[in-house]
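As a plain string of letters, each chain reads:
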Amino acid sequence: MFDGQYGFTPGKSCSSVLAEATTSWVKALDNGAPRIDVVALDYSRAFDSISHDILVNKLSKTYGVGGVLLKWINSFLSGRKQRRDINKISEWSILNKLILNPTKCNILSIDRRRAPSSNDYVLNEQVIAHVKHLKILGVYISDDLSWSKQVHEVVNKCNRTLGLWVNHDNRLLLRFGY
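Keep in mind it's a predicted model, so treat the numbers as computed, not measured.

What counts and what doesn't
- Residues numbered from 1 in each chain as written.
- Predicted model: local features only at pLDDT ≥ 70, side-chain atom pairs only at ≥ 80, totals over all residues.
- Heavy atoms only, no water.
- Helix = DSSP H or I, 4+ residues; strand = E, 2+ residues; numbered from the N terminus.
- Buried < 20%, exposed > 50% of the residue type's maximum accessible area, 1.4 Å probe, protein only.
- Areas by Shrake-Rupley, 256 points an atom, 1.4 Å probe, with all protein chains shown as cover.
- Core = buried A, V, L, I, M, F, W, Y, C linked by side-chain atoms within 4.5 Å.
- Arc of directions from axis to C-beta.

This part covers the overall build of the protein. Counting secondary structure elements, the protein contains six helices and 11 strands. Counting all 178 residues of the protein, 27% fall into the buried class. When the accessible surface of the protein is summed, it comes to about 12700 Å², and 56% of that surface belongs to carbon and sulfur atoms.

As a further point, take the nonpolar core. By size, the foremost hydrophobic cluster in this structure holds 11 residues: Leu18, Trp25, Leu29, Ile36, Val38, Leu108, Ile110, Leu134, Val139, Ile141 and Leu145. Broken down by secondary-structure element, the contributors of at least two residues to this core are helix H1 (14–30), strand E1 (36–40), strand E4 (106–110) and strand E9 (139–142). Top element by residues in this core is H1. It accounts for three residues.

What follows is about helix H3 (residues 52–61). Among the residues of H3, those classed as buried are His52, Val56 and Leu59. Projected down its long axis, H3 carries its buried residues within an arc of 65 degrees, all on one side. Exposed side chains of H3 directed beyond 90 degrees from the buried face belong to Asp53 and Lys61.

With a phi angle near 60 degrees, lysine 97 is a residue other than glycine that sits in the positive phi range. The topology assignment puts lysine 97 in the loop between helix H5 (88–95) and strand E3 (99–100). Given the relative accessible area of 33%, lysine 97 is considered partly exposed. Backbone geometry at leucine 137 places phi at a positive 55 degrees, although glycine is not the residue there. With respect to the helices and strands, the residue leucine 137 is situated in the loop between strand E8 (133–136) and E9.

What follows is the structure in structure tokens.
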């Protein structure tokens, strides 16, 4: 397994990958990078699209999966329906029989400048939308690396769980329940 592997790796989790990613973005900005562009890609029907032979081969050769587990995965995948229908990623995706869905892809440009600039990214002849916040592994990352959107969403979820209705000024409007 390579060092960048987080799934199914002891001592690594969604929190680990998010902490490592945001730390590397902050370091890059601190070291003079003008902007960091985070590209969020969405594959349409990824499970149906990927070549199961490629997947099994990669699991075996790259990740060392073998024996009974590989036989079980191969058995699970056999007979499953497959659909065949940022340049290098798109080419790689096509080579690996994955279809990128440009309408669900986003660009988050992390920038500390007052007048940030941004690049347009085109995928399958469609411009990928720029967003101010991007939800990655259940956590909102903002273009200024603040946690305000994440905190706002967590507070709202807590309020809903407690049966509270709060307006945009955080004034309690109504309490339901006990």
